[in-house]
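Architecture at a glance
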Amino acid sequence: MELYTAIKIPKPPFRFSWQKRILLLGSCFAENIGAKLAENKFNVDINPFGTLYNPASIAAALRMLLHPERFTANNLFRHEGVYHSFTHHSRFSSTSETECLENINDRLFASAQEIRRTGYMVITLGTAYVYRLKSSGQVVANCHKLPEKMFDRSMLSVAEIVSEWKELLLSLWKQCPDLKILFTVSPIRHWKDGAHGNQLSKATLLLAADTLQTAYSERIAYFPAYEIMMDELRDYRFYATDMLHPSELAVDYIWQRFTENFLSDETKGFLKEWAEIQKAINHRPFQPESEAYKRFISQTLLKMKRINEKFPSFDSTKEMEIIKSKLM
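So, here is what we can say about the structure in this document. As the structure is a computational prediction, the values presented were derived from the model and not from experiment. Residue indices begin from 1 for each chain and proceed along its sequence in written order. Under the rules for a predicted model, residues below a pLDDT of 70 receive no local features and side-chain atom pairs below 80 are neither given nor counted, while totals for whole chains, interfaces and linings still include all residues. Processing note: side-chain calculations cover all non-hydrogen atoms of the structure and skip hydrogens and water entirely.

Moving on, we come to the environment of Ile-188. Put simply, DSSP marks the helices as runs of H or I at least four residues long and the strands as runs of E at least two long, and each gets a number from the N terminus on. With respect to the helices and strands, the residue Ile-188 is situated in the loop between β9 (180-185) and α5 (195-215). Assessed through its relative accessible area of 5%, Ile-188 is described here as buried. Whether two residues touch is decided by their heavy atoms; if any such pair falls within 4.5 Å, the residues are in contact. The residues contacting Ile-188, other than those within four sequence positions of it, are Cys-28, Phe-29, Lys-202, Leu-244, His-245 and Pro-246. Summary of the burial criterion: residues with accessible area below 20% of their type's maximum are buried, those above 50% are exposed, and those between are partly exposed, where the area comes from a 1.4 Å probe applied to protein chains only.

Below is the structure:
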C-alpha cells in the first residue's frame, strides 16, 4: 500500500556542485535550505538583504547587486527611534543611522563583488502580494510595522512577474553567462492573506515560475518544496507550533529530497563523507581518555585529510582544531 502521494521530480537540466558558489534569495525557507548548505561546507551567500517575500522585492535586490550604489541617509527612514530601509529586512535596522548604513553597505558590496563568480542561484518566492508606499508607489520589501494606511496592498499578476523577471534574467546572464537558477515556492503559508488568498498567491507564483522555467529550460530548474509540503508532508506533525512554518523534521525531509535530485554524484559523495566526520566531531565518548577513542579521533583526522586532498579548496581548519583538541 502507498500511504501518501509522492511527488515525482523530473530530471533537472543541471545539478549543483560543491565547488561552485551559491546565492540564495527570498523567504525564510531560502534561509532554511541555505543553512543546510552552509552546514555542509557549500560556499553560500544567504539573503544579503535579509528575508524577502515577494518577486518584485527579490528582483530589486538582484538589480542592486548587479549595479551596487552606496546607501545614504536619504535611503533610510526613522520610526520610533529606529532607522530602517524599505528594501531590507529589519535585521539591518538600528537605533544608530551610521550603524544601519554600515550594515547595509558592507553586506551589499561584499555580495556584489562575488555575484559574477556565482555558479547557482536559488530564488524562493513567498507571496505574490506586495505593499506599495502611497507617497511614491515604491514596492517595499518590509513595512517595518508602519501604519497600514501608508500602503496600498495588491497582488502581482503572473504577467507582471514574468515580464519583470525576463528582463532581469537576460541582464543577469549578460554578466554571468554560466549562471544556473533554481526557482522554488516557499511551503510557508501566509495566513494573513487568508486561506483562499494564500492559495491564490501561491498559484500565481507557481504559474510565474513555470512560465520562466519553460522559457529558459536549460538555465532554470524548479524544485517543488511547496508541493512536497502540501502532499508528502500533509500532517500537522510536520509543522512548527504556529501550524504554518515547516518543522525541523519537515525541513530535513525537504533537504533530503533536494540532495537526492539536485546534487551531482561527486557532491553527494562529498556530503556522505562529511556527514560521517560531523558525526565524529559531535560524538561524546564515555571514556575520552581511552586508547579506543584516541584511535577513533586519529581515524577521523585521516578522513579529513583525505577530503582536503580530494577538494583542495575545502576549508576544514575549524573542524580540524576541534578534532585535535580531543586528543589533548
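On we go from here.
Turning to the packing of aromatic side chains, a few remarks are in order. Any Phe, Tyr or Trp ring, taking Trp's six-membered ring, that has another such ring centre within 6.5 Å forms a pair; planes under 30 degrees apart are called stacked, those over 60 apart edge-to-face, and the others tilted. The tally for this structure, following the rule as stated, stands at 16 aromatic pairs. Cluster of aromatic residues (ring-pair linked, three or more members): Phe-14, Phe-16, Tyr-120, Phe-223, Trp-255, Phe-258 and Phe-262. For the cation-ring pair, Arg-153 lies above Tyr-129, with the distance from its terminal atom to the ring centre recorded as 4.0 Å. If you follow Arg-219 out to its NZ or CZ, it ends over the ring of Trp-173, 4.6 Å from the centre. Working rule: Lys NZ or Arg CZ, within 6 Å of ring centre, within 35 degrees of ring normal, means a charge sits over the ring.

Locating Glu-319 in the fold gives a position in helix α10 (residues 317-325). Of the polar contacts made by the side chain of Glu-319, one reaches the side chain of Lys-41; its length is 3.0 Å. Setting aside its immediate chain neighbours within four residues, Glu-319 contacts Lys-41, Trp-274, Ile-281 and Met-304. N or O atoms closer than or at 3.5 Å make up a polar contact, with two conditions inside protein: a donor-capable atom paired with an acceptor-capable one, and, for residues adjacent in sequence, both atoms drawn from side chains.

Attention now goes to the sheet that holds strand β8 (residues 151-155). With antiparallel pairing, three strands are arranged side by side in an open sheet as β7-β6-β8. The open sheet is flanked by β7 (139-140) and β8, the only strands paired with a single partner. Strands are labelled as partners when DSSP assigns at least two bridges between them. Note that strand β6 (residues 129-133) and β7 share two bridges and pair antiparallel. For Tyr-131, the partnering residue across the bridge sits in β7 and is Val-140.

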